[in-house]
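# Secondary and tertiary structure notes
Listed below, chain by chain, are the residues.
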Amino acid sequence: MLSTKSAQVVKATLPVIGAAIGDIATAFYKRMFTAHPELERDLFNRGNQAQGDQQSALAGAIAAYATLLVAEDGRDPLEVLARIAHKHASLGITEDQYPIVHEHLFAAIVEVLGDAVTPEVASAWDEVYWHMAKALVTIEKGLYAETGVADGDVWRTLVLRRRLQESPDTVSFVLGTPDRSALPEHRPGQYVSIQVALPDGARQIRQYSLTHAPEASEWGISVKAVPASRGNAGAIVPAGEVSNFLHHNLFEGDEVRVSAPFGELVLQESASPLVLISAGIGITPIIGILHYLAGTGSKREVLVLHADRSPARHAHRQELKELVAALPSATLHRWYEDLGVRSTRDVLSAGRVDLELVEIPADATIFLCGPLPFMQSVRHSLIERDISGADIHYEVFGPDKWMASA
Ligand SMILES: Cc1cc2nc3c(=O)[nH]c(=O)nc-3n(C[C@H](O)[C@H](O)[C@H](O)COP(=O)(O)OP(=O)(O)OC[C@H]3O[C@@H](n4cnc5c(N)ncnc54)[C@H](O)[C@@H]3O)c2cc1C
Ligand code: HEM
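Here's what I pulled together on the structure shown here. (Residues numbered from 1 in each chain as written. Chains lettered and ligands numbered in written order. Predicted model: local features only at pLDDT ≥ 70, side-chain atom pairs only at ≥ 80, totals over all residues. Heavy atoms only, no water.)

### Quick look at the overall build of the chain
Formally: Secondary structure follows DSSP: runs of H or I at least 4 residues long count as helices, runs of E at least 2 residues long count as strands, and numbering of each begins at the N terminus. Restricting the calculation to C-alpha atoms gives the radius of gyration, and the globule rule supplies 2.2 Å times the number of residues raised to the power 0.38. Under the scheme applied here, a residue whose accessible area is under 20% of the maximum for its type counts as buried, over 50% as exposed, and between as partly exposed, the area being computed with a 1.4 Å probe on protein chains only. Residue contacts are counted whenever heavy atoms from the two residues lie within 4.5 Å of one another. Under the convention used here, a 1.4 Å probe and the Shrake-Rupley method define accessible areas, while residue burial counts only the protein chains that appear. Counted as positive: Lys and Arg. Counted as negative: Asp and Glu, with His and the chain ends omitted from the count. For the purpose of locating charges, the reference atoms are NZ of Lys, CZ of Arg, CG of Asp and CD of Glu.
A tally of regular secondary structure across the chain gives 12 helices and 14 strands. Its C-alpha atoms give the chain a radius of gyration of 22 Å, near enough to 22 Å, the size a compact globule of 406 residues would have. The dimensions of the chain, computed from C-alpha atoms along their principal axes, are 65 × 50 × 50 Å. Taken over 406 residues, the chain has a buried fraction of 50%. For the chain, long-range pairs separated by at least 24 residues make up 71% of all intrachain contacts whose partners lie at least 6 apart in sequence. Accessible surface for the chain amounts to roughly 19000 Å². Of this, 53% is attributable to carbon and sulfur atoms. Distance between charge centres in the chain, computed from 35 positive and 50 negative side chains, equals 5 Å.

### Description of the coordination of the iron atom of ligand 2
Ideal values for angles at a metal depend on the geometry: 109.5 degrees with four tetrahedral donors, 90 or 180 degrees with six octahedral donors. Rules: Only nitrogen, oxygen and sulfur atoms qualify as donors, and only when within 2.8 Å of the metal (3.2 Å in the case of Na, K and Ca); with water excluded, sites may look incomplete.
Exactly one protein atom donates to the iron atom of ligand 2; that atom is His88 (NE2), 2.1 Å from the metal. Along the chain, His88 turns up in helix α5 (residues 82–91).

### A closer look at α5
Most of α5 is tucked away: eight of the 10 residues are buried. Looking at α5, one finds that the buried residues are Arg83, Ile84, Ala85, His86, His88, Ala89, Ser90 and Leu91.

### Section: the packing of helix α1 (residues 4–35) against helix α7 (residues 119–147)
Geometry of a packed helix pair, given as the angle between the helix axes and the separation of the axes. Our working definition: Here, axes are lines fitted to C-alpha atoms. For helices the fit covers the stretch in contact, and angles between N-to-C directions go from 0 to 180 degrees. Here roughly perpendicular refers to angles of 65 to 115 degrees, roughly parallel to angles under 35, roughly antiparallel to angles over 145, and oblique to all remaining angles.
For the pair α1 and α7, interaxial distance at closest approach is 9 Å and the crossing angle is 95°. Relative to α7, α1 is oriented roughly perpendicular. Between α1 and α7, the contacting residues are Lys5, Ser6, Val9, Val10, Thr13, Leu14 and Ile17 on the first element and Glu120, Val121, Ala124, Trp125, Glu127 and Val128 on the second.

### Things to note about the pairing of strand β5 (residues 218–224)
The test is simple: When DSSP finds at least two bridges between two strands, those strands are taken to pair.
Of all seven residues in β5, six are buried, a share of seventy percent or more. Pairing between strand β2 (residues 170–176) and β5: seven bridges, direction antiparallel. Bridge pairing in β5 links Gly176 to Glu218.

### Some details on the site of ligand 1
Test applied: Put simply, a residue is near a molecule or strand once any heavy atom of it comes within 4 Å of that molecule or strand. Polar contacts here mean pairs of N or O atoms no more than 3.5 Å apart (in protein, one a potential hydrogen donor and the other a potential acceptor; neighbouring residues in sequence count only if both atoms are side-chain atoms).
The environment of ligand 1 is formed by 26 residues, the closest being Arg206, Gln207, Pro238, Val242 and Ser243. Within the contact set of ligand 1, an oxygen atom lies 2.7 Å away from a side-chain nitrogen or oxygen of Tyr208. Measuring from an oxygen atom of ligand 1, one finds a backbone N or O atom of Ser209 at 3.2 Å. Contact with the protein chains hides 85% of the accessible area of ligand 1, taken as 970 Å² for the molecule alone.

### Focus on the sheet that holds strand β3 (residues 191–197)
Taken in spatial order, the six strands of this open sheet run β4-β3-β8-β1-β2-β5, and their pairing is antiparallel. Each edge of the open sheet carries a strand with a single partner, namely β4 (203–209) and β5. Taking each pair of neighbouring strands and ignoring which way they run, the sheet shows an average axis angle of 40°. The sheet strands contacting α5 are β1 (155–167), β3, β4 and β8 (255–259), and the helix crosses β3 at an angle near 40°. Across the sheet, helix α8 (residues 241–249) lies against β1, β2, β3, β4 and β5, angled at about 85° from β4, the strand it touches most.

### Looking at the site of ligand 2
Put simply, the test is: Residue type decides the class: Asp, Glu, Lys and Arg count as charged, Ala, Val, Leu, Ile, Met, Phe, Trp, Tyr, Cys and Pro as nonpolar, and the leftover types, Gly among them, as polar.
Close contacts around ligand 2 come from 25 residues, with Asn48, Arg83, Lys87, His88 and Asp400 the closest. A distance of 2.9 Å is found between an oxygen atom of ligand 2 and a side-chain nitrogen or oxygen belonging to Asn48. With respect to ligand 2, the side chain of Arg83 contributes an N or O atom lying 2.8 Å from an oxygen atom. Mapped by element, the contributors of at least two residues to the shell around ligand 2 are α4 (53–70), α5, α6 (98–113) and α7. Residue composition of the shell around ligand 2, by class: 16 nonpolar, six polar and three charged.

Printed below as a string of structure tokens:
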């Protein structure tokens, strides 16, 4: 809890801090990366920085946390921390880095808000920051302990065993320990971070969901290459750095830096029906969950819904069908925007996912992964059908701007 005095000041200043927090976050990153260029080069995702995505995620999280801290509706502020802590743990963030963020964040607040930052206001927001930081550090230390590593020591070097072109823009990679020793176990739905040394010397990190572990010494991931595109004003948006680097440079026998598995979107043991909904590359955690269900002989009722551009562009298409066929109570429905001339029984229709065509069990646990607009529209349809928001779990393949805007 915040002290009563700080809670009052935070409540009174939330609107002004909330309105300025985008500017504060931009000024904060500028200051921090000027003082610590190595953080921009080797830790933060510079694609997200260029797009402004990470700024909005951090800004949204602090505002959301402060709002919950001072609200009296009984919601737990820790709710917003799990995803951040797992992401931090997958990057090896440690307690000693929090004062760096604090220093530059508070300098940025003063830069943006000037004289409005009285000592009283500064001290109240200081309390919010350290409240959040301490809670994050505690969760992160717990995750490191569970993983059996020293704080932040999450990285290991793996070797590429096999690669397979899954679709025109997606390659799957099987990574293994050089001596075939066992890798730590992961929970279905989790991801690893991958760090690569780029041609300009930067060591950039991205996350990839684990699709399966073919052997105890192996992990599988699948990477969709992000192409260059035209932005709103017609300017060229550069191609994704790490996905294309992996496609063009990671071949059998090459070494790659991989973190331990993290992620809070995990399948819980339960007998409730499962609904697994994905679009495009969002299929990867779903494939991970299906491998787990098939490997453990699960008898759960499972409804699998997948949408893709076309059968030819659908990565893991055949594997998806085989995994569903291996489960005694599973059903698959696919939607393709461009169906071509073929049609099979489990393809419901050409076009986008239409939940009117399927029956969603009322007590189902739902996992959702795909582009943000797809997830927002599916979640909206589910809620309209009286499915509780608490039963809908989702993974955003980037900074969680959805949480930030919730
Ligand atoms: C939990 C989690 C799980 C994930 N699982 C998977 C998975 O299983 N498979 C998978 O393929 N991906 C997955 N992702 C996404 C993955 O981590 C990467 O975000 C993705 O591969 C793109 O990375 P990149 O380095 O190629 O693109 P980046 O270089 O990070 O670029 C990201 C975006 O920013 C744009 N951009 C880059 N530079 C600029 C600029 N100067 N101005 C404007 N825009 C710019 C790019 O065009 C691109 O659209 C996951 C992400 C998360 C968080
Ligand atoms: C109270 C302090 C902090 C808050 C509120 C915070 C918040 C966040 C949030 C909301 C995200 C995005 C999570 C997601 O949706 O994927 C994030 C990611 C991240 N954080 Fe923090 N963070 C804090 C401290 C730190 C510290 C101390 C460091 C280390 C210097 C750090 C480094 C990172 C990095 C590298 C990412 C991933 C960025 C990316 O890939 O674009 N954070 N943080």
